[in-house]
Amino acid sequence: MNPGSMSSRTEVDQAHIRALVTSGKRKQLLFAIAGLTCTMIALLTLLAAFLQLLIDGLPRLSWDFLTNFPSRHATQAGILSAWVGSAMVMVVTMLAAVPVGVGAAVYLEEYAPRNWLTDLIEINVTNLAGVPSIVYGLLALGLFVYQFGFGESVLSAGLTLALLILPIIIVSTREALRTIPGNIREGAYAMGATRWQMVSNHLLPYSTGGILTGVILGMAEAIGQTAPIICIGALTFIAFLPDSPFGGSPPFINFSWLFSEFTVLPIQMYNWVSRPDKAFQLNAAAAGVILLAMTLLMNGLAIYIRYTVRKKIKW
Amino acid sequence: MVTETSSPVFPGGATEPVVPPVAKAQVHDLNFFYGELRALKGISIPIYKHLVTALIGPSGCGKSTFLRCFNRMHDLYPNTRYDGRIVLMPDNVNILHREVDPIEVRMRIGMVFQKPNPFPKSIFENVAYGLRVRGIRNRAVLTDKVEEALRGAALWDEVKDRLAELAFNLSGGQQQRLCIARALATDPEILLFDEPTSALDPIATASIEELIADLRSKVTILIVTHNMQQAARVSDYTAYMYLGELIEFDRTQTIFVKPKKKQTEDYITGRFG
Ligand SMILES: Nc1ncnc2c1ncn2[C@@H]1O[C@H](COP(=O)(O)OP(=O)(O)OP(=O)(O)O)[C@@H](O)[C@H]1O
Ligand SMILES: [Mg+2]
C-alpha cells in the first residue's frame, strides 16, 4: 500500500467512508436477524411436530409392537406386516430404479447426441420430479396392476415407487458424472480407452458417492409415499407375511413374495390415525417414530457417504 | 532440408555424430476445422524419429490443435473435421483416415497434458491403466512394466514404497511424472506433450525437461511450449506457427540462431507476442 495516498486523503473522506461502513454493517445485522427468525420459525415448527410424535409414540414402542400383526385391540396391535411390506417394496424399488436410473443418466450424459430429441427428454426427466405422486399411482394402476397383470402386489408397488424416484436418481447421477473433470476423461481416452471402458473404469467408480447419495435420498422419499400405494390397492389390514424370499429347499430363493398382497408403514399409520379410538392414534405415532427413524437413518447414511467420498476424491 | 557440415551442437551441449534423421511421421497439407473455423492451414512437416520436435508460437495459433490431431483427440468432440494426412511410419498409415479407428491411433501415440491429470486411483493403477486397457491381466507382467515405466519417468525411487497410495497425494511435479510414466508404460511410438510444465514450479520443470531429453532415445517426442528457453533446451527441431499456419520449420539451432523468416526472428527475440 502506498502511504502517500493514505495521508493525502482528507478528514471528510474518511468520515464519509466510516459512515458508509457503519450503515452497511447495520443493514447486515438487520438481515441476519430477519434470516435467523425465518430459520427459527421453520425449525421450531418442525421440532414441535417431531417432539409431539415422540411423546405420543415412544411409550408404545416395544419389541412386541415390531413383531405383532395389526389387531382390533390397540394395545396388542403391531406393525410386523407393515415394516416387512415396506422393506420388500423398497428392495424391489431399489433393484428396479438403480440400474434403470443410472443407465439412463450415463446414456444421456455420455452417449446421447446433443439434439432436440435429447433436449426434450432432458426437460421431461427434470419435470418428472415435480409430477404429483398420485399421478404415478394412477399410471401404475393401469400399467402394472391391470395391463401387466402384476395385481395389487409388492411388485406393482415397488415398480411404482421406482418410477417415482427415477428422476431423483437420474438427476443426481448426471450431476455426479458432470463433476468429473474433462481432463480426466481426456486422460483416459488418450490411453486408448473405449467409451465403455471410460464409463466402467472411470465414470461409474468416481461418481459412486454421488450416485449412492441420490439412491438413498430417493429411497427415503419412496418409503414415506402413501398416495400411489393406496392407488394401486395396498391393503390396510394384513395379518400375514408374504412368503419368505429365501426358501429351505433348492434353489433356496423364490419369487412368490413379489406377487403377494401387502401393506406398508405409512398406510398402516393412515389406517390407525383415521380411527376414533385414541389408543390407535398412539399406535400411529409409534409407527411414525419408526418411519421417521428409518428416513433419518437413510439421510444420515447419504450425508456420511457424500462426506467420506468427498474427502477421498478432490478434483 | 537438413545438410550438416560440422558436427552440430545438440541441446544440452553434447556433441553427437551426425545421423541423417529418419521420419517417424509425415504431416501432409493438414487443415483442421472447428465448425467453420479453420484452425490449421495447410501444415506439412516431418516428425523425426527419436528426436524432439517443439511447437512454438503465440497463444491461439493452433499448437494444441495441431498436437491433438496426432492422437485424434478432436474425434471426441462434435463438429470437428480433419483434412489432409498424417502418415505414420513404418507402416505408412494415414492416421487421420476415416477408417482408421482413433482408439488404435491412441494405442500407438501417447499424450501428456498441460495440467497433471492422474486418475483418482492408486499410483500403481495409474501406471498400469494403459496395460489393462490393452488386455494385460498377468500380475507379474504388470508389476514389471509399472516399475520400468516409473523408472523411465524418474519417479521410481520416490514412490516405490507407496505404490498403493492415491495418486492425488503426490506433488504437482510428481503427478506430471506419473502421467509421463502412465504414457510410457505402453511403449508409445510418439509421445505428445502439451505445455507439460506450465503448471509446475521451476525445479519440477527442470526435472521434466531433463526427463524429456532422456526419453528421446526411446520415443519420438512432439512438445508444445510457450517457453522459448525450454524449446531451445529440449528440442532438436522447432516449428514456429502463427495463426494456424506453419511459418518456419528447421533445426532448433537454426531457428534460434539464424531463422530464415523475419517473423520467426521477431517472435524468438521477443519483439512480438
Ligand atoms: N474447441 C474449440 N472450438 C472452437 N475453436 C477452438 C476450440 N479450441 C481452440 N479453438 C480455436 O482454435 C485456435 C487454435 O487454438 P489452440 O488451442 O490450438 O491454440 P494454442 O496455440 O494451443 O494456444 P495456447 O498457446 O493458448 O494454448 C484458436 O483460435 C482457438 O480459439
Ligand atoms: Mg494450447
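Residues numbered from 1 in each chain as written. Chains lettered and ligands numbered in written order. Predicted model: local features only at pLDDT ≥ 70, side-chain atom pairs only at ≥ 80, totals over all residues. Heavy atoms only, no water.

Asker: Before we go on, may I ask you to explain the domain arrangement of chain A in this structure?
Answerer: Residues and elements named next belong to chain A. Domains assigned within chain A are domain 1 (3-58) and domain 2 (62-312). Taken together, the contact between domain 1 and domain 2 spans 6 residues of the former and 6 residues of the latter. A buried area of about 520 Å², summed over both sides, lies between domain 1 and domain 2, and 84% of it is on carbon and sulfur atoms. Its largest share of buried area at the contact with domain 2, domain 1 owes to L53, D56 and G57, together 71% of the area lost on that side. Our enumeration of links across domain 1 and domain 2 arrives at 0 salt bridges. Seen at the junction of domain 1 and domain 2, the total is 0 residue pairs in polar contact (both at pLDDT 80 or more). (Domains from an automatic or database assignment. Contact = heavy atoms within 4.5 Å. Buried area = accessible area lost by both parts, 1.4 Å probe. Salt bridge = Lys/Arg side-chain N within 4 Å of Asp/Glu carboxyl O. Polar contact = N/O pair within 3.5 Å; in protein donor to acceptor, adjacent residues only side chain to side chain.)

Asker: Teacher, can you tell me more about the sheet that holds strand β4 (residues 52-56) of chain B here?
Answerer: Within a sheet, neighbouring strands are paired by backbone hydrogen bonds and run either parallel or antiparallel to one another. Residue and element names in this part refer to chain B. An order of β7-β8-β9-β4-β10-β11 is seen for the 6 strands of this open sheet, with the pairing classed as mixed. The sheet terminates laterally at β7 (109-112) and β11 (245-251), the two strands that pair on one side only. Strand-to-strand twist of the sheet, defined as the mean angle between neighbouring strand axes without regard to direction, takes the value 15 degrees. With 4 bridges connecting them, β4 and strand β9 (residues 220-224) associate as parallel partners. Paired with L55 across the strands is V224, a residue of β9. Across the sheet, helix α6 (residues 172-184) lies against β7 and β8 (190-194), angled at about 175 degrees from β7, the strand it touches most. (Pairing = 2+ DSSP bridges. Helix = DSSP H or I, 4+ residues; strand = E, 2+ residues; numbered from the N terminus. Axes fitted to C-alpha atoms, helices over the stretch in contact; angles between N-to-C directions.)

Asker: Quick question: what am I supposed to make of the site of ligand 1 here?
Answerer: Residues and elements named next belong to chain B. What surrounds ligand 1 is the set Y34, L37, A39, S59, G60, C61, G62, K63, S64, T65, E195 and H226. For ligand 1, an oxygen atom lies 3.4 Å from a polar atom in the side chain of E195. When ligand 1 is considered free in solution it has 630 Å² of accessible area, and contact with the protein chains removes 58% of it. Only β2 (37-43) and α1 (63-69) provide two or more residues apiece to the shell around ligand 1. A per-element tally of the shell around ligand 1 places α1 first, with 3 residues. When its residues are assigned to classes, the shell around ligand 1 shows 4 nonpolar, 6 polar and 2 charged. (Near = heavy atom within 4 Å. Areas by Shrake-Rupley, 256 points an atom, 1.4 Å probe, with all protein chains shown as cover. Nonpolar A, V, L, I, M, F, W, Y, C, P; charged D, E, K, R; others polar.)

Asker: Quick question: what am I supposed to make of the pattern of salt bridges here?
Answerer: Oppositely charged side chains may form a pair once their charged atoms are brought near each other. Summed over all chains, the structure comprises 20 salt bridges over all chains. As a salt-bridge pair, A:R178 and A:E122 come within 3.9 Å of each other at their nearest N and O atoms. Of this pair, A:R178 sits in helix α7 (residues 154-178) while A:E122 sits in helix α5 (residues 116-128); the two residues are 56 residues apart in sequence, bridging distant segments of the chain. As a salt-bridge pair, B:E189 and B:K24 come within 2.9 Å of each other at their nearest N and O atoms. A residue pair is termed long-range when its members are at least 10 positions apart, and B:E189 in the loop between α6 and β8 and B:K24 in strand β1 (residues 23-34) qualify at 165 residues. Residue class for B:E189 comes out partly exposed when judged on its relative accessible area of 25%. Bridged by salt links that share partners, the residues A:E109, A:E122, A:R174 and A:R178 form one connected network. (Buried < 20%, exposed > 50% of the residue type's maximum accessible area, 1.4 Å probe, protein only.)

Asker: What am I meant to see in the interface of chain A and chain B here?
Answerer: Accessible area lost on assembly of the parts is the figure often given for the size of an interface. Each partner contributes residues to the interface: chain A has 19 residues there, and chain B has 27 residues. Between chain A and chain B the total buried area reaches about 1800 Å² when both faces are included, carbon and sulfur atoms providing 63% of it. The largest contributions to the chain A side of the interface with chain B come from A:E186, A:A190 and A:M191, which together make up 36% of the buried area. Counting across the interface, chain A meets chain B through 1 salt bridge. When the shortest N-O distance is used, the salt bridge between A:E186 and B:R68 registers 2.7 Å.

Asker: Just checking my understanding: could you explain unusual backbone geometry for this structure?
Answerer: Peptide bonds are mostly trans, and most non-glycine residues show a negative phi. All names here are of chain B. Going from M89 to P90, the amide bond is cis rather than trans, its omega being 0 degrees. Tracing the sequence through the fold places P90 in the loop between β5 (80-88) and β6 (93-94). One non-glycine residue with positive phi stands out, namely D29, at about 45 degrees. Mapped onto the fold, D29 is located in strand β1. For D29, a relative accessible area of 44% gives the class partly exposed. Backbone geometry at A154 places phi at a positive 55 degrees, although glycine is not the residue there. Looking at A154, the relative accessible area reads 43%, which means it is partly exposed.

Asker: Whenever I open this one, a nonpolar patch on the surface confuses me. Can you help?
Answerer: Residues and elements named next belong to chain A. Judged by side-chain polarity, L36, M40, L43, L44, L47, F50, L51, I55, L292 and L296 come together as a nonpolar surface patch covering roughly 920 Å² of accessible area. Those elements giving two or more residues to the nonpolar patch turn out to be α2 (11-57) and α12 (278-312). By the secondary structure assignment, I55 is in helix α2. Relative accessible area serves as the criterion here: at 58%, I55 is assigned to the exposed category. (Patch = residues over 30% accessible without salt bridge, like charges linked within 9 Å, V, L, I, M, F, W, Y side chains within 5 Å.)

Asker: For this particular structure, what's the right way to read the environment of B:A154?
Answerer: Residues and elements named next belong to chain B. Mapping A154 onto the fold places it in the loop between α4 (139-152) and α5 (156-159). Residues A154 and Y77 lie 77 residues apart in sequence; the distance between their C-alpha atoms is 34 Å. In contact with A154, other than residues within four places in its own chain, are R177 and L211.

Asker: Help me out: how do you make sense of the packing of aromatic side chains in this one?
Answerer: The way to describe two aromatic rings as a pair is by their centre distance and the angle between their planes. Summed over the entire model, instances satisfying the criterion amount to 12 aromatic pairs over all chains. Relative to B:F70, the ring of B:F66 has its centre 5.4 Å away and its plane inclined at 80 degrees; by these criteria the two rings are edge-to-face. Among the residues examined, B:F66 registers a relative accessible area of 0% and is labelled buried. Looking at B:F70, the relative accessible area reads 0%, which means it is buried. For the pair B:Y237 and B:F249, a centre-to-centre distance of 5.6 Å together with 20 degrees between the ring planes defines the contact as stacked. Residue B:Y237 is found in strand β10 (residues 237-242), and its partner B:F249 is found in strand β11; the two are separated by 12 residues along the sequence. Each member of the aromatic cluster is reached from another via a ring pair, and the members are A:F144, A:F148, A:F150 and A:F259. Over the aromatic face of A:F280 sits the side chain of A:R275, whose NZ or CZ is 4.2 Å from the ring centroid. (Phe/Tyr/Trp six-rings, centres within 6.5 Å; stacked < 30°, edge-to-face > 60°. Lys NZ or Arg CZ within 6 Å of the ring centre and 35° of its normal.)

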